[in-house]
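# Chains, contacts and geometry: an overview
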Amino acid sequence: MGSPPRSSPRLSWRRVLCVLFLPFVSSGFAPPAKYRNNFIFERRKLPPNPRRFDWSHLTPRELKNRSQGIQTEERAGRNPYFTLEGHEFLILGGSVHYFRVPRASWRDRLLKLRACGFNTVTTYVPWNLHEPERGTFDFSGNLDLEAFILLAEEVGLWVILRPGPYICSEMDLGGLPSWLLQDPTSQLRTTNRSFVNAVNKYFDHLIPRVALLQYLQGGPIIAVQVENEYGFFYKDEAYMPYLLQALQQRGIGGLLLTADSTEEVMRGHIKGVLASINMKGFKVDSFKHLYKLQRHKPILIMEFWVGWFDTWGIDHRVMGVNEVEKSVSEFIRYGISFNVYMFHGGTNFGFMNGATSFEKHRGVTTSYDYDAVLTEAGDYTAKYFMLRSLFESILVRPLPPVPSPTPKAVYPSLKLSHYLPLWEALPYLQRPVTSNVPINMENLPINNGNGQSFGFVLYEMTICSGGRLHANAQDEAQVFLNETSLGILTDVYRDIDIPPITECQLLRILVENQGRVNFSWKIQNQRKGLIGPVTLDKIPLNWFTIYSLELKTQFFKKLRSARWRPLGGPSSSPAFHLGTLMADSSPQDTFLQLLGWNRGCVFINGRNLGRYWNIGPQEALYLPGSWLQPGTNEIVLFEKEKSGSGVYSTDVRRFRFSVG
């Protein structure tokens, strides 16, 4: 998803321009004159719709004989509508991203989706996670897309797949791999040869995995989306038709669709493909552009936003239950298919989060709670039971029983016993790169030539005088003279004073990639680390030693052999802090609250839980029970500034709130 867009009373068919909702016009509800030229339907109180649906035989396991998937129909005297095997069908979708949910919790979240009354699950497919290096693909563990789709089928849900290549989704670079940024001639999301060659190789690997899971092949995939929200980007009119052909040539068929904001749907659609729209709430003029584009097709709201994502430093965003109920009631009343974004948001584990860049660069928080129908930890909300009640009112058969709540645990306070300054951990990193000039993260000659995608980069150089230091650090850098902190550089503040020195010293610049922008044209310029020359009194510095801090599991295995120092009190420099969490024989979900800590990231048994930052709004990190083992669990905090008083387990998620 992306940023939200923000007469005569006598009836005569010839005089009614607003035909989007024909049955209501023919029943005597003519649109007021002021709406006619905008194709807006009248919003007077309508009698309750007596229609009730029985889709019990229209589930993946029940439908054995298949001849036609999702189709569109139009009959005189009523609105166009979807059918499945000839039966009228409303798509009631909910978004759940498999890559943001621990695999052990997939079934729980999908069962809750089904029990709420939804018949479809939608998910994006993140290219950057599935192809971290060129030609190296990962569809295992939490990235086992096929297993997720088959589990949805088992639970009784249809699937709408959104394979990109660009997905937005508040993911780093909108889900595009960062190694695409190595080529200075490449133009992302265009038919530029370098970009489409990479897309073709990715699709050659991805599409065969899902093509056999399509509806007419006996699978649960009823629709596939072409790219995402291209109407806003729209750099190349040949790009979307190219992607459509790329999907079709690899065996993708059935219902194909695009998704754009209500204002940009005209630019983002493709001829012959169903156009869908994204919106925050039901408004009378939201459909005018869609109607002009495809008045003879049913309406699909691909993303109905029931909340919003958070960025660091901004209060937690929520949307009221009544506001959601009002819109969903209107959708049902007018027979509009829709997909709730998000039904369950989950977590930006590790460094997968994206960023916004409006007034300033802001990373998306580790929590992708989204004020969704289920919380980040999979707990029920008032929105859940409101939606279940609405769906029950239109279904003939009773819904499945609601699964039991997900249990939580409060573990004893975590004991942090040792620490290791960053400078003493450098020997346990991979061999540093030496260069006469600074090299940005993506172009470091590591990872088989694919550069570095996530984490931190440390640049070291020798200086023999003080002066005015200038550097373009993306996104934020801490500057040290030997081990003494001198200040912070950002993408806005690029200068810092180095005090006079009498002998040569080691200048260190630790740069953090806080997440690449995931929306807008700025994705083209999202290289991280030090960009361009570093100068001291306008004289370029040279001979850099560059350490890559990707902070992968293998690094923490090596770190166990380091000489950790006993923790005697607070430390005030970048350091790793080691401790233990004691779990019982059946570990359960919990949240970690870091009191007094400034900012950094947490690792459990070598796995990256995500970032924390005392500016909020997120005030506790979700820790899945499936990440814990019975007994002792190793916890490592990489704190960038100053250590805190302790780490505590709680069974309550914590945010700073605002209503919006």
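None of the values given here were measured: they were computed from a predicted structure.

### Points about the domain arrangement of the protein
By convention, interface size is frequently given as the accessible area that disappears when the constituent parts associate. Once the domains are mapped, the protein shows domain 1 (70-350 + 365-394), domain 2 (431-549) and domain 3 (552-650). Its C-alpha centre places domain 1 at a distance of 38 Å from the equivalent point of domain 2. In this assembly, 26 residues from domain 1 lie in contact with 22 residues from domain 2. Across the domain 1/domain 2 interface, buried area totals approximately 2000 Å², and carbon plus sulfur atoms make up 52% of it. Together, Leu181, Gln182 and Phe232 form the three largest contributors to the area buried by domain 1 at its contact with domain 2, with a combined 29%. In this structure, Asp172 engages Arg516 in a salt bridge whose closest nitrogen and oxygen atoms are separated by 2.8 Å. If you look at where domain 1 meets domain 2, you find twelve residue pairs in polar contact (both at pLDDT 80 or more). Partitioned by chemical class, the residues of the side of domain 1 that touches domain 2 number twelve nonpolar, six polar and eight charged.

### Section: the packing of aromatic side chains
Summed over all chains, the structure comprises 46 aromatic pairs. Measuring from centroid to centroid gives 6.3 Å for Phe556 and Phe576, while their planes differ by 80°, and the two rings are edge-to-face. Linking Phe556 in helix α13 (residues 553-559) with Phe576 in strand β29 (residues 575-583), this pair joins segments that are 20 residues apart in sequence. Taking relative accessible area as the criterion, Phe576 reaches 0% and is therefore assigned buried. Of the aromatic side chains, those joined through ring pairs into one cluster are Phe118, Phe282, Phe287, Phe304, Phe331, Tyr334, Phe338, Phe343, Tyr380, Tyr384, Phe385 and Phe391. Positioned over the ring face of Tyr368 is Arg100, at 3.7 Å from the centre of the ring.

### With respect to the sheet that holds strand β7 (residues 221-225)
Around the barrel, eight strands lie side by side as β4-β5-β6-β7-β8-β9-β10-β12; this closed barrel has parallel pairing. With direction set aside, neighbouring strand axes in the sheet form an average angle of 30°. Note that strand β4 (residues 92-96) and strand β12 (residues 337-344) share four bridges and pair parallel. Along β12, the bridge assignment pairs Gly94 with Val340.

### Some details on the UniProt feature "domain: Glycoside hydrolase 35 catalytic" (unreviewed entry) in the protein
Under the present numbering, the feature "domain: Glycoside hydrolase 35 catalytic" (unreviewed entry) in UniProt falls on residues 82-392. Between the C-alpha atoms that bound residues 82-392 the distance is 20 Å, and the span itself is 30% helix and 20% strand.

### Let's talk about the side chain of Gln452
With respect to the helices and strands, Gln452 occurs in the loop between β16 (433-435) and β17 (456-463). Using a relative accessible area of 0% as the deciding quantity, one classes Gln452 as buried. A polar atom in the side chain of Gln452 sits 2.6 Å from the side chain of Ser548.

### A word on the sheet that holds strand β3 (residues 87-88)
Pairing is antiparallel in the open sheet, where three strands are placed in the order β1-β2-β3. Two strands bound the open sheet, and with one partner strand each, they are β1 (70-73) and β3. Judged from the two bridges that link them, strand β2 (residues 81-84) and β3 form a sheet pairing that is antiparallel. Along β3, the bridge assignment pairs Thr83 with Glu88.

### Here's the deal with the environment of Gly568
Here Gly568 shows up in the loop between β28 (565-566) and β29. Separated by 150 residues in sequence, Gly568 and His418 place their C-alpha atoms 8.4 Å apart.

### A look at the pairing of strand β5 (residues 120-124)
A large share of β5 lies buried, amounting to five of its five residues. Side chains of β5 alternate between two faces, with Thr120, Thr122 and Tyr124 and Val121 and Thr123 buried alike. In this sheet, β5 lies alongside β4 in parallel orientation, the contact comprising three bridges. Counterpart to Ser95 in the pairing with β5 is Thr122. In this fold, the crossover linking β4 to β5 by way of helix α2 (residues 106-116) has right-handed handedness.

### Thoughts on the packing of helix α10 (residues 321-333) against helix α11 (residues 382-392)
The geometry of α10 relative to α11 is characterised by a closest axis approach of 10 Å and an angle of 20° between their N-to-C directions. In this view, α10 runs roughly parallel relative to α11, as classed from their interaxial angle. The two elements α10 and α11 cross, and the hand of that crossing is right-handed. Contacts between α10 and α11 pair Val321, Val324, Glu325, Val328, Ser329 and Ile332 from the former with Ala382, Lys383, Met386, Leu387, Leu390 and Phe391 from the latter. For the contact of α10 with α11, the class distribution of residues is nine nonpolar, one polar and two charged.

### Brief notes about the state of the cysteines
Applying the stated rule across the entire model yields one disulfide. For Cys464, the disulfide goes to Cys504, at an S-S distance of 1.8 Å. The sign of the 95° torsion about the S-S bond sets the Cys464-Cys504 disulfide as right-handed. Taken together, the residues span a long stretch of sequence, with Cys464 in the loop between β17 and β18 (467-470) and Cys504 in the loop between β22 (495-498) and β23 (505-512) at a distance of 40 residues.

### Let's talk about the pattern of salt bridges
Throughout the structure, instances matching the rule amount to 30 salt bridges. Among the ionic pairs, Arg516 bridges to Glu442, the shortest N-O distance being 2.6 Å. Remark: Glu442 occurs in the loop between β16 and β17 and Arg516 occurs in the loop between β23 and β24 (529-530); sequence separation between them is 74 residues. Comparing Arg516 with Glu442, the two get one shared label, buried. With a closest N to O distance of 2.6 Å, Glu512 and Lys640 form a salt bridge. With Glu512 in strand β23 and Lys640 in the loop between β34 (631-639) and β35 (646-650), the pair connects residues that are 128 residues apart, well separated along the chain. Residue classification places Lys640 among the buried residues on the basis of a relative accessible area of 3%.

### With respect to α10
Its 13 residues give α10 an end-to-end C-alpha distance of 18 Å, which sits within 8% of 18 Å, the value for a rise of 1.5 Å per residue. After α10 finishes, the residue Gly335 shows a positive phi value of roughly 70°.

### Let's talk about the environment of Asn440
When you line up the elements, Asn440 lands in the loop between β16 and β17. Each C-alpha atom of the pair Asn440 and Ser329 lies 51 Å from the other, and the pair is 111 residues apart in sequence. Other than its neighbours up to four places away in sequence, Asn440 contacts Tyr459, Arg527, Lys528, Leu530 and Ile531.

### A few points about the nonpolar core
One finds Ile301, Leu592 and Val602 to be the most contacted residues of the largest nonpolar core, which totals 153 residues. Broken down by element, this core gets its largest block of residues, ten residues, from helix α5 (residues 193-211). Among the domains, domain 1 (70-350 + 365-394) and domain 3 (552-650) are the pair contributing at least three residues each to this core. Residue contacts for Ile301: discarding those within four places in its chain leaves Ile277, Met279, Phe287, Phe331, Ile336, Ser337, Phe338 and Asn339. Grouped together as the second largest cluster of nonpolar side chains are 28 residues, Val457, Ile463, Ile509 and Leu536 included.

How each quantity is defined
For every chain, the first residue of the written sequence is number 1, and numbering continues from 1 onward in sequence order. Given that the model is predicted, a residue must reach a pLDDT of at least 70 before its local features are reported, and side-chain atom pairs must reach 80 or more before they are shown or counted; all residues, however, enter totals for whole chains, interfaces and linings. Excluded from the side-chain calculations are hydrogens and water; all other atoms, namely the structure's heavy atoms, are used. Residue ranges labeled as domains rest on an automatic or database domain assignment. When checking whether two residues touch, look at their non-hydrogen atoms; a contact exists if any pair is within 4.5 Å. Summed over both partners, the accessible surface that disappears when two parts come together, traced with a 1.4 Å probe, is what is meant by buried area. We define a salt bridge as a contact between a side-chain nitrogen of Lys or Arg and a carboxyl oxygen of Asp or Glu at a distance within 4 Å. Polar contact is the term for a pair of N or O atoms within 3.5 Å; when the atoms are in protein, one must be able to donate a hydrogen and the other to accept it, and sequence-neighboring residues count only if both atoms are side-chain atoms. The classification used treats Ala, Val, Leu, Ile, Met, Phe, Trp, Tyr, Cys and Pro as nonpolar, Asp, Glu, Lys and Arg as charged, and all other residues, Gly among them, as polar. Stacked, tilted and edge-to-face pairs are distinguished by plane angle, under 30 degrees for stacked and over 60 for edge-to-face with tilted covering the rest, among Phe, Tyr and Trp rings (Trp via its six-membered ring) whose centres lie within 6.5 Å. Strands are runs of DSSP state E lasting at least 2 residues, helices are runs of H or I lasting at least 4, and numbering of each runs from the N terminus. Exposed residues in this analysis have more than 50% of their type's maximum accessible area, buried residues have under 20%, and partly exposed residues fall in between, with area computed by a 1.4 Å probe over protein chains only. Charge-over-ring contacts are defined here by two conditions on Lys NZ or Arg CZ: a distance within 6 Å of the ring centre and an angle within 35 degrees of the ring normal. The criterion for strand pairing is that DSSP finds at least two bridges linking the strands in question. Helix axes use the C-alpha atoms of the stretch in contact, all axes being lines fitted to C-alpha atoms, and the angles between their N-to-C directions lie in the range 0 to 180 degrees. UniProt positions are given in the numbering used here, feature names are shortened, and annotations may be inferred rather than shown by experiment. Crossover handedness is defined here as right-handed if the route from the first strand over the helix to the second strand goes clockwise, with the strands pointing away from the viewer. What sets the label is the angle itself: under 35 degrees gives roughly parallel, over 145 gives roughly antiparallel, 65 to 115 gives roughly perpendicular, and the rest give oblique. Two helices that cross are described as forming a left-handed crossing if the nearer one is turned anticlockwise from the farther one by less than a right angle, and a right-handed crossing if clockwise. The criterion for a disulfide is a pair of cysteine sulfur atoms lying within 2.5 Å. An expected span of 1.5 Å times one less than the residue number is assigned to each helix. Here, nonpolar core refers to any group of buried Ala, Val, Leu, Ile, Met, Phe, Trp, Tyr and Cys residues whose side-chain atoms link them within 4.5 Å.

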